[in-house]
Amino acid sequence: MVSIIIKDIEHIREAAREFVKEIGEHRVFAFYGSMGAGKTTFIKAICEELGVQDVITSPTFAIVNEYSLPRQLEGDGGRLFHFDFYRIKKLEEVYDMGYEDYFYSGALCFIEWPELIEELLPEDAVRVHIEQQPDGSRIVKL
């Protein structure tokens, strides 16, 4: 297990850089953490480290945002999908959106609130846990 410490918001890009080094062949990352743990903020920093030029926003209402990547990861199709399943009420909603087309596309997929769709996650999805510490720092474990 890899642990990455985010001391504070000023050091989030360093932590994102460490995370990017760990991506390897993996394509689907499930981000677990309580409300306010920093999932969206950390994913935004990772996207920036990967070279996303688009405005990166939370997909809370859209459920999924798609971003263009510079062609730096083999087989990703130059795309990254950022999901937020917080507002999902039934798994049928995820079936209806065609989740398989995303999760098995070869593109990077970053998923917030994966616990709500746990049974749909690919077996090889990397589970990333973000834990807020009493001093305000975060520990990212993958």
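Right above here is the structure, for reference.
Everything numeric in this text was worked out from a predicted model, so none of it was measured.

About the criteria used
Residues numbered from 1 in each chain as written. Predicted model: local features only at pLDDT ≥ 70, side-chain atom pairs only at ≥ 80, totals over all residues. Heavy atoms only, no water. Pairing = 2+ DSSP bridges. Helix = DSSP H or I, 4+ residues; strand = E, 2+ residues; numbered from the N terminus. Axes fitted to C-alpha atoms, helices over the stretch in contact; angles between N-to-C directions. Contact = heavy atoms within 4.5 Å. Phe/Tyr/Trp six-rings, centres within 6.5 Å; stacked < 30°, edge-to-face > 60°. Core = buried A, V, L, I, M, F, W, Y, C linked by side-chain atoms within 4.5 Å. Buried < 20%, exposed > 50% of the residue type's maximum accessible area, 1.4 Å probe, protein only. Salt bridge = Lys/Arg side-chain N within 4 Å of Asp/Glu carboxyl O. Disulfide = S-S within 2.5 Å. Arc of directions from axis to C-beta.

S.K.: Just to check I follow, could you spell out the sheet that holds strand β7 (residues 138-141) for this structure?
M.R.: Hydrogen bonds between backbone groups are what pair the strands of a sheet, and the pairing can be parallel or antiparallel. Reading across from one edge, β1-β7-β6-β2-β5-β4-β3 is the order of the seven strands in this open sheet, with mixed pairing throughout. Two strands in the sheet have a free side with no partner beyond their single neighbour: β1 (3-6) and β3 (64-68). Between one strand axis and the next, the sheet turns by 20° as a mean value, whatever way the strands run. Bridge count for β1 against β7 is four bridges, and the pairing is antiparallel. Each residue of the ladder has a partner; that of Ile6, found in β7, is Arg138. The strands that helix α1 (residues 12-22) touches are β1, β2 (28-32), β5 (108-112) and β6 (126-132); relative to β1, the one it contacts most, it runs at about 165°. Along the sheet face, helix α2 (residues 39-49) touches β1, β2, β3, β4 (79-84), β5, β6 and β7 and points at about 165° away from the line of β5.

S.K.: Teacher, can you tell me more about the packing of aromatic side chains here?
M.R.: Each aromatic ring pair is described using two quantities: the centre-to-centre distance and the angle formed by the ring planes. With the rule as written, the count across this model stands at 14 aromatic pairs. Ring centres of Phe19 and Phe42 lie 5.7 Å apart, and the angle between their planes is 85°; on these two criteria the pair is classed as edge-to-face. Placement of the pair is Phe19 in helix α1 and Phe42 in helix α2, with a sequence separation of 23 residues. Taking the centre distance of 5.5 Å and the plane angle of 70° together, the rings of Tyr99 and Phe103 count as edge-to-face.

S.K.: Whenever I open this one, the nonpolar core confuses me. Can you help?
M.R.: A general feature of soluble globular proteins is that nonpolar side chains tend to end up buried together. The biggest cluster of nonpolar side chains holds 28 residues, and the ones touching the most others in it are Phe19, Phe29, Phe31, Phe42 and Phe110. Among the secondary structure elements, those contributing two or more residues to this core are β1, α1, β2, α2, β5 and β6. In terms of residue count, the dominant contributor to this core is α2 (five residues).

S.K.: Explanation requested: the pattern of salt bridges in the structure shown.
M.R.: Pairs can form between side chains of opposite charge once their charged atoms are near each other. What the rule picks out here adds up to five salt bridges. The salt bridge involving Glu49 is made with Arg13; its shortest N-O contact spans 2.7 Å. On the criterion of sequence distance, the pair formed by Glu49 in helix α2 and Arg13 in helix α1 is long-range, its members being 36 residues apart. Among the residues examined, Arg13 registers a relative accessible area of 35% and is labelled partly exposed. The partner of Arg17 in a salt bridge is Glu49, and the shortest N-O contact between them spans 3.2 Å. With Arg17 in helix α1 and Glu49 in helix α2, this pair connects stretches of sequence that are 32 residues apart. The exposure class assigned to Arg17 is partly exposed, which follows from its relative accessible area of 42%. Within this structure, Arg13, Arg17, Glu48 and Glu49 form a network of salt bridges that share partners.

S.K.: Just checking my understanding: could you explain the state of the cysteines for this structure?
M.R.: Two cysteines joined by a covalent bond between their sulfur atoms form a disulfide. All chains considered together, the criterion is met by zero disulfides. Left unpaired, Cys47 is separated from the closest cysteine sulfur, that of Cys109, by 11 Å. In this structure Cys47 comes out as buried when scored by relative accessible area, which is 0%.

S.K.: Looking at this model, I keep getting lost on α1. Mind explaining?
M.R.: Think of an α-helix as 3.6 residues a turn; residues three or four steps apart then line up on the same face. Among the residues of α1, Ile12, Ala15, Ala16 and Phe19 are the ones counted as buried. The arc enclosing the buried residues of α1, seen along the axis, measures out at 100°, which places them on a common side. The secondary structure elements touched by the buried residues of α1 are β1, β2, α2, β5 and β6.

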